[in-house]
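# Understanding the architecture of this molecule
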Amino acid sequence: FTRHRPPSTPTPPPSAAPAPTPSGVPVPPPSTVQAMTAPPRTIGTLQLVGMIYFMTAGGGYGLEPLVAAGGPLFAIAALLITPLVFSVPQALMTAELSALYPEDGGVVVWVHAAFGRFWAFQAGWISLVNTFIDNALYPVLFSQYIARLVPMDAFVRHTLSLTMLTLCTTINLLGIDLVGWASVGLSLVVTLPFVLLAGLGFAQTDPAVWGSRVEHPQVGLLVASALWNFSGYDSAGACAGEVIDAERTYPRALGMAVMLAVVTMAMPVMAAVTVNDDWAEWGEAFWVTAANRIAGGNWLGNLVTVGGLAMSTGMLVSLIATSSRSLYGMCTKVRACAEEHF
């Protein structure tokens, strides 16, 4: 499949020996293209935490089917156990590889180092296809959340979706530093409704309800929902080339992001199941109803809806940043594919 270079092509000189890190592990030197185009390192710990939060959890939105699938007992157990067996290993892997290869590209860079250009291209291509499908969801969610507050026709919803997409793209064009601070601000808007919900809900909570479960748990839905809500930590490695002191920043940021995800998911569920004890009701977008019942009015449900707007915006602005850098990794690491393979 790979075509060899013609005999007349001079053999490139051998690259310099990899420089060892303080831990003694050799790190390959960056390519010439990367050395010429490497962006400045502007992302600190707090900004990275905000970005990772939206790459993974983004608040409690979307975890309602956990309660419907198993009841409070299995839902709470899933929210506490899944991070330990699934999220923490992802976070540790990402922290180690991002410190070892502190350059933009993430999974593409890692696969290239382990298996070469061909498989790096496959990893990048799969990531790119996933980006087209996944990122298209958030502008639609944004307009749907607004439609909950203000009724509107399809044309207005489509216009709002396009406006939100334009805004998120513009933020990315202005630099990843702004993406990081935008993620921090939006994460505060997302977490505020769930903090209030947990505070009001725990005042009405009967802990005995936490041991309740449905008669026939839907194991497949339970596992799929838990894994979906605690996945995506590997995406954080895509911007490693722009993180300040990646060797120290990544472990701190990933640890903080995992803990933030667990707290903002598990605590609201534990606080809400006493007042909302019909497990079959816990479907998509049930948080608005649950919040209104706990608060005894519509104000908290409206705040949850505003948080949903911030969630969809934060997820899109962060994922545009990481997916574009995965494409950058393909361009720098797999740039010879067209020359050598086709």
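In this text, all values refer to a predicted model and were calculated from it rather than measured experimentally.

Rules and cut-offs
- All chains use their own residue numbering, which begins from 1 and follows the written sequence.
- Owing to the predicted nature of the model, reporting of local features is limited to residues with pLDDT of at least 70; listing and counting of side-chain atom pairs is limited to 80 or more, with chain, interface and lining totals taken over all residues.
- Derived side-chain values reflect all non-hydrogen atoms in the structure, with water molecules and hydrogen atoms excluded from consideration.
- Put simply, a nonpolar core is a bunch of buried Ala, Val, Leu, Ile, Met, Phe, Trp, Tyr and Cys residues held in one set by side-chain atoms that sit within 4.5 Å of each other.
- Buried means the residue's accessible area, taken with a 1.4 Å probe over protein chains only, is under 20% of the maximum for its type, while exposed means over 50%, and partly exposed covers the values in between.
- The numbering of helices and of strands both runs from the N terminus, where a helix is a DSSP run of H or I of at least 4 residues and a strand a run of E of at least 2.
- Between rings of Phe, Tyr and Trp, where Trp is taken as its six-membered ring, a pair exists when centres lie within 6.5 Å; planes separated by under 30 degrees are stacked, by over 60 edge-to-face, and by other angles tilted.
- Patch membership needs two things, relative accessible area over 30% and no salt bridge, and members are linked within 9 Å if like-charged or within 5 Å if nonpolar (Val, Leu, Ile, Met, Phe, Trp, Tyr).
- Each accessible area value is a Shrake-Rupley result obtained with a 1.4 Å probe; residue values ignore everything except the protein chains displayed when judging cover.
- Salt bridges are identified by distance alone: a Lys or Arg side-chain nitrogen within 4 Å of an Asp or Glu carboxyl oxygen.
- A 1.4 Å probe that fits but cannot get out identifies a cavity on a 1 Å grid over protein atoms alone, an open set with protein on both sides within 12 Å along at least five of seven lines counts as a pocket, and a residue lines either if it has an atom within 4 Å of a point.
- Grid points are joined across faces, edges and corners, and a volume is the space filled by probe spheres set on the points.
- The score called pLDDT rates the predictor's confidence residue by residue, from a low of 0 to a high of 100.
- The contact definition used throughout considers only heavy atoms, calling two residues in contact when any of these lie within 4.5 Å.
- Here an angle of 0 to 180 degrees is reported between the N-to-C directions of two axes, which are lines fitted to C-alpha atoms, with helices fitted over the stretch in contact.
- Convention used here: angles under 35 degrees read as roughly parallel, angles over 145 as roughly antiparallel, angles from 65 to 115 as roughly perpendicular, and any remaining angle as oblique.
- By definition, any crossing whose near helix is turned counterclockwise from its far helix by less than a right angle is left-handed, and any crossing with a clockwise turn is right-handed.
- Polarity classes work like this: nonpolar for Ala, Val, Leu, Ile, Met, Phe, Trp, Tyr, Cys and Pro, charged for Asp, Glu, Lys and Arg, and polar for all others, with Gly in that last group.

What follows deals with the nonpolar core. Formed by 76 residues in total, the largest nonpolar core has its most connected members in Y250 and W287. Among the elements that line this core, the one with the most residues is helix α10 (residues 246-272), at 13 residues.

With that out of the way, let us pick up the packing of aromatic side chains. Tallied over the entire structure, the rule returns 7 aromatic pairs. Geometrically, the ring pair formed by F118 and W119 is edge-to-face, given 5.0 Å between the ring centres and 80° between the ring planes. Relative to F286, the ring of W282 lies with its centre 4.9 Å away and its plane at 50°, an arrangement referred to as tilted. Assessed through its relative accessible area of 6%, F286 is described here as buried. An aromatic cluster of at least three residues, connected via ring pairs, comprises Y61, Y145, F194, W282, F286 and W287.

To continue, consider a nonpolar patch on the surface. Residues W125, I126, V129, F132 and I133 make up a contiguous nonpolar surface patch of about 560 Å² in total accessible area. Looking at where I126 falls in the secondary structure, it is placed in helix α5 (residues 117-135).

Before going further, it helps to examine empty space enclosed by the protein. Scanning all chains against the criterion turns up 1 cavity of 30 Å³ or more. Residue lining of the largest cavity: Y61, Y145, A285, W287, V288 and V304, and that is the complete set.

Here the protein shows a mean pLDDT of 86. Residues at 70 or above account for 87%. Long-range and interchain partners of residues 1-16, a stretch whose pLDDT sits below 50, account for 10 contacts in this model, where long-range means more than four residues apart.

This next bit is on the packing of helix α8 (residues 176-202) against helix α12 (residues 299-333). Between α8 and α12, whose axes approach to 9 Å, the crossing angle comes to 150°. With respect to each other, α8 and α12 are oriented roughly antiparallel. Considering only the axes of α8 and α12, their crossing is left-handed. Here the residues of the contact of α8 with α12 are counted per class, giving 18 nonpolar, 5 polar and 1 charged.

Within this structure, the stated rule accounts for 4 salt bridges. Across the pair R325 and D104 runs a salt bridge whose closest N-O atoms are separated by 4.0 Å. Of this pair, R325 sits in helix α12 while D104 is found in the loop between α3 (64-100) and α4 (107-115), placing the two residues 221 residues apart along the sequence. Residue D245 is joined to R248 by a salt bridge in which the shortest nitrogen-to-oxygen separation is 3.4 Å.

This next bit is on the environment of L48. Looking at the element boundaries, L48 is found in helix α2 (residues 45-56). As a C-alpha pair, L48 and M256 span 208 residues in sequence and 9.9 Å in three-dimensional space. The contact partners of L48, leaving out residues within four places of it in the chain, are I43, C239, V243, T249, Y250 and A253.

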